[in-house]
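Listed here are the chains, written in short residue letters.
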Amino acid sequence: MLKIKLSSLKPGARLGKDIYSYDGNLLLPKGAIITSEHLEAFARRQFDEVFIMETGTKISSEKNFEEVYSQSLDIAKSFMMEARLGKPLEFDEINDTVNLLVEQVFDQHGLFRQMRLMKNKDDYLFTHSVNVSLLCILIGRWLKCDDETIKNLGVAGLLHDIGKVFVENDILNKPDKLTAEEFEEIKKHTLLGYNLINQYPWVNAEVANAVLMHHERADGSGYPVGLKGYKIGFYASAVAVADVYDALTSSRVYSGKVSPYTAAEILWQESFGKLDPRISKVFYDKITDFYVGNEVILSNGMKGIVVYVDPSQPTRPIILAGDEFYNLAEERSITIQEIID
Ligand SMILES: [Fe+2]
Ligand SMILES: [Fe+2]
């Protein structure tokens, strides 16, 4: 892939990286052939440079994201292990990691691909923390939050489960259903995490609140307090949505994973009574955009490609399987079971 100045770009070149608007909407996908109209639009938007594919070269726009992800994962691992040992949290480590992630959230196709590739590849607690941080940043962008809020959301996501380092590993990774006592132990991670981070003056008070409150649900079924209503604050509500999405799409030790489409549907259903619908709505509306062009396996066993996402029913796209189109908005019994890379 080549990065070239707009002034030297000619119609006919093939775009090497997706182009997004600042608020996260896809303007032009990777692979598009650039026309003179595109060149005019780039100039209007004051783009200096774009990535184009080198002819005959296999491109990999995810490479960079892969490196950033694994670097963030290493740092998350190290500060969580250190917290377990009673060592202090370093502001720089957390700040630098979130800055790195914030920069990467513009490459949203790369982000979802990498999150899928990382599933089950490492300790769940660490990948989950990085994923929830990325998803919180994405929510911030989708809701057009200011830069500081987006960064705080990233910190809240990264630290939301830090209290789990104080929960016994046997309970955390137990493959079977937890006993009532074991669940009580897990629940403590909210308060343990809050107590840990609240001692640092550089941790924003709302971020600390999100660590404490991300398992509260509007119907009062959550913990640690069992608060009723949508009272837990914006950061905690965003972490709650990101947390549920990542848990649903991961093969956790004690439950099977679901596809991003099913996860978005579940989030939307749970948003009335449990999660904040203002956040679930934007998540539901936007998340499935990123799977157009992906190969999927349907619940009837067929393989196909997502060709169109209807904004009014984003989790029920049109799939081309063989020579046939399946409109999942009409064929309600068919679901997307898996996304293939
Ligand atoms: Fe949690
Ligand atoms: Fe979590």
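Residues numbered from 1 in each chain as written. Chains lettered and ligands numbered in written order. Predicted model: local features only at pLDDT ≥ 70, side-chain atom pairs only at ≥ 80, totals over all residues. Heavy atoms only, no water.

Peer 1: Could you give an account of the overall build of the chain, with specific residues and numbers?
Peer 2: Each helix and strand in the chain was counted, giving 13 helices and 9 strands. In terms of overall size, the chain behaves like a compact globule, its C-alpha atoms giving a radius of gyration of 21 Å where 341 residues would be expected to give roughly 20 Å. Referenced to the eigenvectors of the C-alpha coordinate spread, the extents of the chain come out at roughly 60 × 45 × 35 Å. For the chain, the proportion of contacts with a sequence separation of at least 24, taken over those separated by at least 6, is 64%. Carbon and sulfur atoms make up 52% of the accessible area of the chain, which totals about 16,100 Å². (Helix = DSSP H or I, 4+ residues; strand = E, 2+ residues; numbered from the N terminus. Rg over C-alpha atoms; globule rule 2.2 N^0.38 Å. Contact = heavy atoms within 4.5 Å. Areas by Shrake-Rupley, 256 points an atom, 1.4 Å probe, with all protein chains shown as cover.)

Peer 1: So what about the coordination of the iron ion (ligand 1)? Which residues, and what values?
Peer 2: Listed as protein donors to the iron ion (ligand 1) are Asp 161 (OD), His 189 (NE2), His 214 (NE2) and His 215 (NE2); their distances from the metal cover 2.1 to 2.2 Å. Coordination at the iron ion (ligand 1) is irregular, judged from the 4 donor atoms that bind it and the angles of 86 to 177 degrees they form at the metal. Going along the chain, you hit the donors of the iron ion (ligand 1) in the pattern D-x27-H-x24-H-H. Between the iron ion (ligand 1) and the iron ion (ligand 2) the interatomic distance amounts to 3.6 Å, and Asp 161 serves as a bridging ligand to the pair. Within this pair, whereas His 189 is found in helix α9 (residues 189-197), its partner His 215 is found in the loop between α10 (205-213) and α11 (234-248), the two being separated by 26 residues in sequence. Judged by its relative accessible area of 0%, His 189 falls in the buried class. (Donors = N, O, S within 2.8 Å, 3.2 Å for Na, K, Ca; no water. Tetrahedral: all angles 85-135°; square planar, octahedral: opposite > 155°, others 65-115°. Buried < 20%, exposed > 50% of the residue type's maximum accessible area, 1.4 Å probe, protein only.)

Peer 1: A description of the side chain of Asp 276 should follow, citing residues and the corresponding values.
Peer 2: Tracing the sequence through the fold places Asp 276 in the loop between α12 (260-270) and α13 (277-287). At a separation of 2.7 Å, a polar atom in the side chain of Asp 276 contacts the side chain of Arg 278. (Polar contact = N/O pair within 3.5 Å; in protein donor to acceptor, adjacent residues only side chain to side chain.)

Peer 1: Any details on the domain arrangement of the chain? Residues and values, ideally.
Peer 2: Looking at the chain, the domain boundaries give domain 1 (2-52), domain 2 (62-257) and domain 3 (292-340). The C-alpha centroid of domain 2 is placed 34 Å from the C-alpha centroid of domain 1. (Domains from an automatic or database assignment.)

Peer 1: Which residues make up the layout of surface pockets, and what values do they have?
Peer 2: In this model, the second largest pocket occupies a volume close to 490 Å³. Listing elements by their share of the lining of the second largest pocket, those giving two or more residues are β2 (19-20), β4 (49-52) and α3 (91-104). The element best represented in the lining of the second largest pocket is β4, accounting for 3 residues. Tallied by class, the residues present in the lining of the second largest pocket amount to 6 nonpolar, 2 polar and 6 charged. Domain assignment of the residues forming the lining of the second largest pocket places at least three in each of domain 1 (2-52) and domain 2 (62-257). (1 Å grid on protein atoms, 1.4 Å probe; cavity = no way out; pocket = protein on both sides within 12 Å on 5 of 7 lines; lining within 4 Å. Points joined across faces, edges and corners; volume = space filled by probe spheres on them. Nonpolar A, V, L, I, M, F, W, Y, C, P; charged D, E, K, R; others polar.)

Peer 1: Can you explain the pattern of salt bridges? Please cite residues and give values.
Peer 2: By the definition in use, this model includes 8 salt bridges. When the shortest N-O distance is used, the salt bridge between Arg 316 and Glu 265 registers 3.1 Å. On the criterion of sequence distance, the pair formed by Arg 316 in the loop between β6 (303-308) and β7 (318-321) and Glu 265 in helix α12 is long-range, its members being 51 residues apart. We classify Arg 316 as buried; its relative accessible area is 6%. Given a relative accessible area of 18%, Glu 265 falls into the buried group. Here Arg 278 makes a salt bridge to Asp 276, at a shortest N to O gap of 2.7 Å. For Arg 278, a relative accessible area of 59% gives the class exposed. (Salt bridge = Lys/Arg side-chain N within 4 Å of Asp/Glu carboxyl O.)

Peer 1: Can you explain the coordination of the iron ion (ligand 2)? Please cite residues and give values.
Peer 2: Taken together, His 128 (NE2), His 160 (NE2), Asp 161 (OD) and Asp 243 (OD) make up the full set of protein donors to the iron ion (ligand 2), lying 2.2 Å away. Each of the 4 donor atoms around the iron ion (ligand 2) contributes to a set of angles spanning 76 to 171 degrees, which defines the coordination as irregular. Every donor residue of the iron ion (ligand 2) comes from the same chain, spaced as H-x31-H-D-x81-D.

Peer 1: Before we move on, could you go through the packing of aromatic side chains and cite the residues and values that matter?
Peer 2: Under the definition given, this model contains 8 aromatic pairs. With a centroid separation of 6.0 Å and 55 degrees between ring planes, the pair formed by Phe 234 and Tyr 235 is classed as tilted. Judged by its relative accessible area of 29%, Phe 234 is partly exposed. Judged by centre distance (5.2 Å) and plane angle (20 degrees), the rings of Trp 268 and Tyr 284 are stacked. In this pair, Trp 268 sits in helix α12 while Tyr 284 sits in helix α13, placing the two residues 16 residues apart along the sequence. Take Trp 268: its relative accessible area is 23%, and that puts it in the partly exposed class. Connected via pairs of aromatic rings, a cluster forms that spans Phe 91, Tyr 200 and Trp 202. The ring of Trp 268 carries the charged tip of Lys 281 above its face, separated from the ring centre by 5.9 Å. (Phe/Tyr/Trp six-rings, centres within 6.5 Å; stacked < 30°, edge-to-face > 60°. Lys NZ or Arg CZ within 6 Å of the ring centre and 35° of its normal.)

Peer 1: Would you mind going over the packing of helix α5 (residues 124-142) against α13 in detail, with residue names and values included?
Peer 2: Taken N-terminus to C-terminus, the directions of α5 and α13 make an angle of 95 degrees; their axes are 10 Å apart at the nearest point. Regarding the angle of α5 to α13, the classification is roughly perpendicular. From α5, Leu 135, Ile 139 and Trp 142 reach across to α13, where they touch Ile 279, Val 282, Phe 283, Lys 286 and Ile 287. Each residue belonging to the contact of α5 with α13 can be placed in one class, and the counts come to 7 nonpolar, no polar and 1 charged. (Axes fitted to C-alpha atoms, helices over the stretch in contact; angles between N-to-C directions. Parallel < 35°, antiparallel > 145°, perpendicular 65-115°, else oblique.)

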